[in-house]
Each structure stands twice: as C-alpha cells, then as structure tokens.
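For reference, the chains in residue letters:
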Amino acid sequence: MRGVRAFEPLLAALAALATAAAAQEDGAPPSRIAVVGAGIGGSATARFLRQHFGPDVQLDVYEKGEVGGRLATVTVNRNRYESGASIIHALNLHMHDFVKQLGLKQRRSVAGKTAVFDGASVVAEETDWYLLDLLRLWWRYGSSFIRLQMWLEEIMEKFIRIYKYQAHGFAFGSLEELLESLGGSGFVNMTRRPLSDSLLELGVSQRFIDEVVAPVIRLNYGQNVSVPAFVGAVSLASAQSNLWAVEGGNKLLCEGLLKSANANLLRARVTSVRTLRSGGALRYELGLAGEGPERRTAAYDAVVVAAPLRAGADISFPDWASPAVPGEGEWQSTVVTLVHGYLNTSLFGFRDPRLFPYAGVLTTAAPALFFNSVAGVYPVEVPPGFRRKRAHEAAVYKVFSPAVLTGEQLKTLFRSYYSAQATEWRAYPRYGSAAGATLPPVELGPHLYYLNGIEWAGSAMEMSAVAAKNIALLAYRRWNGRSLRVNREDLLRAIKTEL
Ligand SMILES: Cc1cc2nc3c(=O)[nH]c(=O)nc-3n(C[C@H](O)[C@H](O)[C@H](O)COP(=O)(O)OP(=O)(O)OC[C@H]3O[C@@H](n4cnc5c(N)ncnc54)[C@H](O)[C@@H]3O)c2cc1C
Ligand SMILES: *[C@@H]1O[C@H](CO)[C@@H](O)[C@H](O)[C@H]1NC(C)=O
Ligand SMILES: *[C@@H]1O[C@H](CO)[C@@H](O)[C@H](O)[C@H]1NC(C)=O
Ligand SMILES: *[C@@H]1O[C@H](CO)[C@@H](O)[C@H](O)[C@H]1NC(C)=O
C-alpha cells in the first residue's frame, strides 16, 4: 500500500482551499453535484444524494464505459452470465434494500460442493451434509474451523453497526474513523496487519490457512494470505452460505439506482477536476475527453469521484501539485473466462467425469497453478427446467486466473470446448504488505469526495454502497456546516436514547 500514503501532498495542498469553502455556507442548497462513475458506488451515491439534498439539486453522473462498471454480464450460448462481481452476502443490507426498493428479485445461489485442489489432488472438500462437514474439518484441522467461524461472526456483528449509525445520520470524515466507530482500534489495526498473522494468533493452524483460507482469498482477490486481516475477513465472510445475486444481472441495480435518483447520465470520460472561483465561492469544473466545446462542464458545487484513482489513469487535479495516487501496478489484474465445454476431470484425479462430484474447484497458493478457480455457473436468468449440469455434459464454467489463459491451458482444463470468452479486470487493489499503511482519504478537498478508497479496507459491492451512503451524509452535513457526530461514545449514547 505504498501508494496510498502518497495522497498526503494532495491533502496538504487542499488544506489551503478549505477556508474558501467556508464562505459557501450561506444556507442555499447546492444547485449541481457531479458523480464520476456509474458503477454500484456512483449509482448508490446518486440515489443517496437525491434522498438527502431533495428534488431540486441537479445530479450529473459521468460514465466513460458501461453503467455497472465491475458489475457486468457476458452472453454464452444465448444465456447471460455475471463476468464481474457475482455474489452478495445475506448481511449486505444496503444491497438488500436496493433490490427491495427497486422492485428487483433475488436469485439464490444453488449450493454445490466445492473442492480444493493443490495441483496433484483434492486436499479439502465440502460435503452435502453439514454435520459431517464439521466432523471432517474437525478431524483434519482441529479447532481451526470453529475458531475462524467465531472470529468472523464477531467481526460481522460489529460491522453491521454501520447500518444503525447511517440510519441515524452519522457520517465519518475518514475511513479510519468509520472503522473505529464499528470495531474500535482493533478494526483499524486489521487493515494494517496480514491476515495470516491474525489467524495464527487466534490459534488457526497453518494447514487450515494453506488448504482452506488461502484458496478462498485466491478466489476472491487473486492474492495470498498476506492481505490485510480486514480484507481477509470480508473475503472469508463471502465463503459462507446464504449468498445471493440479482435476478437478471447485478448491474440492474445500477440502472435502477440512477433512474430512481433522477440523475442525468452523461456518457463521457472525465479527465480533470479543476477549481473555479467566483466571488468567495469555490466550485469545480470537470474536463472531459474528446474534441469540441463540450470538453468543459458547468460549475459544480460538489463532486464525488466514484472510480478508482490510479496513477496514469484518467483523472488529474491540475490545480494542486499533481497528487500521487496508487500506481497501476498496485491494482490486481484478474481474468474471468467463461467457457462452454467439457471439464477435464482427469486433471483432478477423476478419469470418469460421471463420478466427479464437485460444482467448483478452488486451488492452493503453492505450487503456483495457472488458474485460481473453476466452477460451473448459472445464468442471470435461470430458464425454466434448468438444472445443474454434471461433468460429463457440456456446461458453462467460470475460470479465474491471473493472466489470459493460453490455448494450451484451456486444453488442459477442458477436454474440449465450444467457446471461451475472457474479460480482463483491473479488479481490486493489490494489497501487498499492509504494515503501517494508512487508508486513502474520503475528502480530497472541500465538497470533493473520493469513494473508492474504501476498497483498500475491503473491495466488495456492499463496501462501495456503505461508502456511498457515508459520502452522501457527509456531503449534506458539510454543506450545511453541521458537525459530523463521529465520536463513538456520543454515537452509542445517541442511539440508545433515540431508540
Ligand atoms: C472479477 C471480479 C469479481 C468480483 N466479485 C465480487 C463479488 O462476488 N461480490 C462483491 O461484493 N464484489 C465483488 N467484486 C468487487 C466489486 O466488483 C467492486 O468492489 C465494486 O463493483 C466496485 O464498484 P464501484 O462502483 O465502486 O467501482 P466500479 O464498478 O469500478 O465503477 C467505476 C465506474 O467509473 C467509470 N469510470 C472510471 N473512470 C472514469 C472517468 N474518468 N470518467 C468517467 N467514468 C469513469 C468506470 O467505467 C466504471 O463504470 C468483484 C470484482 C471483480 C473484478
Ligand atoms: C491497535 O494498535 C495500536 C497501536 O499499535 C494499539 O495501541 C492498540 O492497542 C491496538 N488495538 C487493539 C484492539 O489491539
Ligand atoms: C504474498 O504475495 C506477496 C507478493 O504479492 C509476497 O511478497 C508475500 O511473501 C506472499 N506471502 C505469502 C504468505 O506467500
Ligand atoms: C486432462 O488432464 C490430464 C491429467 O492432467 C492430461 O493428461 C490431459 O492432457 C488433459 N487434457 C485432456 C484433453 O484430456
């Protein structure tokens, strides 16, 4: 996370601007707010901004690519499949609310057994019978499984406090304050130490880490158990049951949120954010890619950047000494390939595909394999009469890998195939060594907010939604010159008395 510290020069340069902003608080509502990015983060921000600022503010959402961002589908054999973010946890309450409020439907993920492959054989597997699972895990890993489960439950119990705080209008000026309000300094520390350290300290065995934890982190983040403990917990929580997705595709959420926010969707790439001064007021102007008079936008009273800021990437801030942001190399590439074909079950030790009992296979970190996982998948709309295919039948599989699969690799993984479609994602931060790093700022300047810093604490749809709600609340409070109500003791007391 080296690059994250490099936000400091930007912050210092902006401190000078803060005084100018104070002049703006004359009680008038903002007339225009811009959001950069129409992924789940930007779309949710638009909706929450509308709820807080009311019907009169003009909300412009800029999108250079497709609405949905990292929520996307590809078509295979006439059905559509999720190629980006696919699963939502039962406790992801913002996502849950969105689906309900937008009149969408939940599509449950149908359970199938998962195995872990180490390049030579299957080293761990799920079974159909939960109790048997527990006994087997107990036998192989001692109490590691129970310890991990208790740790995750404790973390989730604390994390869901965010919904209560946000419902009561609390906003946080930094990610550290947000995390601290939920889980004290323990949560902040979890963003700064490796997952493996936290787990070993809990008494989880090295074998369990290698054979169960590492494969899950490889699946979700394409990385190893050196990722920060907080990210690790987000990832491991997603390996529990009770997962769902949106019927028709997760990106329907973004389309629905933008519509319900009554936001103007503008198809353009934002290249710069400049300050404009007229009178005492500070406003922002966005530079847009392309030719002609439309290259500059109108003045905005507030701007929310809801896209990852990366060095060499899209957006510059020319009015302050070029802010350093995390480099391209600090984002993990993950390739998602949807393959329609016959899985080569021999690779996993099953000569007869009829006997292959698994729906998905995860892999251990060592030895380095060319794929992170392979699993049979369902379309976003499950057609009537659809059933999970067995391994001796042609089916659609999703393969995660660190690089585009070569023909040779595809032929190793599949006996034969009809089609293979790859999507290359700059998927999530490359967490690297977490030691001592700080998280990116939420406020880049007065009324200028950055949503995707939260991905350095944990990258998931719900994390972006939590950040969106926080920024909408923060923007509203800042605009009206109100305090943030961030102190944790106050927070608990206020909630007790208000309930
Ligand atoms: C392969 C994969 C699998 C994943 N699986 C899961 C999962 O199962 N569950 C889960 O919860 N999370 C998952 N995630 C993580 C999840 O996708 C992200 O955390 C989340 O979608 C981030 O949303 P966002 O809106 O913040 O960012 P994005 O989705 O990246 O949205 C940013 C948007 O901004 C646009 N943009 C960027 N720059 C500009 C510019 N200069 N001007 C205009 N527009 C711009 C982009 O085109 C994009 O649409 C996965 C991610 C990947 C890549
Ligand atoms: C978090 O780290 C700080 C500094 O190292 C330490 O003082 C604090 O006790 C830690 N908190 C917890 C809950 O471990
Ligand atoms: C995890 O990967 C990083 C590099 O990406 C490496 O520095 C680190 O040693 C690895 N950790 C483990 C436990 O393998
Ligand atoms: C399948 O896997 C086996 C075992 O690794 C390998 O020998 C074979 O070449 C692979 N491909 C096919 C098409 O069977």
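It should be noted that the structure appears before, not after, this text.
Residues numbered from 1 in each chain as written. Chains lettered and ligands numbered in written order. Predicted model: local features only at pLDDT ≥ 70, side-chain atom pairs only at ≥ 80, totals over all residues. Heavy atoms only, no water.

Peer 1: Can you help me understand the pairing of strand β9 (residues 243–246) in this one?
Peer 2: Taken residue by residue, a regular strand's side chains alternate between the two faces of the sheet. Alternating residues of β9 divide into Leu243 and Ala245 and Trp244 and Val246, and every residue in both groups is buried. The pairing of strand β5 (residues 88–89) with β9 spans 2 bridges and is classified as antiparallel. Directly across from Ile88, in β9, lies its bridge partner Trp244. One ladder, built from 3 bridges, connects strand β6 (residues 106–108) with β9; its direction is antiparallel. Counterpart to Arg107 in the pairing with β9 is Ala245. (Buried < 20%, exposed > 50% of the residue type's maximum accessible area, 1.4 Å probe, protein only. Helix = DSSP H or I, 4+ residues; strand = E, 2+ residues; numbered from the N terminus. Pairing = 2+ DSSP bridges.)

Peer 1: Would you mind going over the pairing of strand β12 (residues 281–288) with me for this structure?
Peer 2: The element β12 is largely enclosed, with a buried count of 7 among its 8 residues. Of the pairings in the sheet, the one linking strand β11 (residues 270–278) to β12 comprises 8 bridges and is antiparallel in character. The residue bridging Val270 from the neighbouring strand is Leu288, located in β12. Here β11 hands over to β12 after 2 residues, with Gly279 in that stretch at a positive phi of 65 degrees.

Peer 1: I would appreciate a short explanation of helix α12 (residues 252–260) in the present structure.
Peer 2: One full turn of an α-helix is made of 3.6 residues, so residues set three or four places apart face in the same direction. Taken residue by residue, α12 has Leu253, Cys254, Gly256, Leu257 and Leu258 as its buried positions. Here the buried face of α12 lies against α3 (40–53), β2 (58–63), α4 (93–101), β9 and β10 (264–267). (Contact = heavy atoms within 4.5 Å.)

Peer 1: Is there a simple way to explain the environment of Glu154 in this structure?
Peer 2: Mapped onto the fold, Glu154 is located in helix α6 (residues 144–159). Taking the C-alpha atoms as reference points, Glu154 and Gly183, 29 residues apart in sequence, are found 9.6 Å from one another.

Peer 1: What is the right way to read the sheet that holds β6 from this model?
Peer 2: Sheet strands pair via backbone hydrogen bonds, and the direction of the pair is either parallel or antiparallel. One open sheet holds the 3 strands; their spatial order is β5-β9-β6, and the pairing between them is antiparallel. What marks the edges here is a single partner per strand, and that holds for β5 and β6.

Peer 1: Hey, could you run me through the packing of α3 against α12 in this one?
Peer 2: Helix-helix packing: each pair is described by the crossing angle between the helix axes and the interaxial distance. Packing of α3 against α12 brings their axes to within 8 Å, and their N-to-C directions diverge by 25 degrees. Looking at the two axes, α3 sits roughly parallel to α12. In the packing of α3 onto α12, the handedness of the crossing is left-handed. Here Ile40, Ser43, Ala44, Ala46 and Arg47 of α3 come into contact with α12, specifically with Leu253, Cys254, Leu257, Leu258 and Ser260. Here the residues of the contact of α3 with α12 are counted per class, giving 7 nonpolar, 2 polar and 1 charged. (Axes fitted to C-alpha atoms, helices over the stretch in contact; angles between N-to-C directions. Parallel < 35°, antiparallel > 145°, perpendicular 65-115°, else oblique. Left-handed = near helix turned anticlockwise from the far one by under 90°. Nonpolar A, V, L, I, M, F, W, Y, C, P; charged D, E, K, R; others polar.)

Peer 1: I keep staring at helix α14 (residues 461–479) and nothing clicks. Help me out?
Peer 2: For α14, with 19 residues, the first-to-last C-alpha span of 27 Å sits near the 27 Å given by 1.5 Å per residue. Here α14 lies mainly inside the structure; 17 of its 19 residues are buried. Remark: Gly481 follows α14 within two positions and exhibits a positive phi of approximately 65 degrees. (Expected span 1.5 Å × (residues − 1).)

Peer 1: Could you clarify how one ought to interpret the nonpolar core in this entry?
Peer 2: The nonpolar side chains of a soluble globular protein tend to be buried, and buried together. Formed by 100 residues in total, the largest nonpolar core has its most connected members in Ile40, Leu49, Phe98, Trp151 and Val213. Looking at this core, the element that brings in the most residues is α14, giving 12 residues. Each residue touching Trp151, except ones within four places of it in the same chain, is listed here: Met190, Leu195, Ser198, Leu199, Leu202, Ala229 and Ala233. The next biggest cluster of nonpolar side chains, apart from the first, holds 20 residues, and it includes Ala268, Tyr284, Leu309 and Leu448. (Core = buried A, V, L, I, M, F, W, Y, C linked by side-chain atoms within 4.5 Å.)

Peer 1: Looking at this structure, how should I read the packing of aromatic side chains?
Peer 2: For any pair of aromatic rings, geometry is given as the distance between the ring centres together with the angle between the planes. Enumeration over the complete set of coordinates arrives at 20 aromatic pairs. Between Phe348 and Phe371, the ring centres sit 6.5 Å apart and the planes meet at 80 degrees, which makes this aromatic pair edge-to-face. Residue Phe348 is located in the loop between β14 (331–343) and β15 (360–363), and its partner Phe371 is located in the loop between β15 and β16 (373–376); the two are separated by 23 residues in the primary sequence. The burial state of Phe348 is the same as that of Phe371; both residues are buried. Here the guanidinium or amino end of Arg310 rests over the ring plane of Trp331, the centre of that ring lying 5.1 Å away. (Phe/Tyr/Trp six-rings, centres within 6.5 Å; stacked < 30°, edge-to-face > 60°. Lys NZ or Arg CZ within 6 Å of the ring centre and 35° of its normal.)

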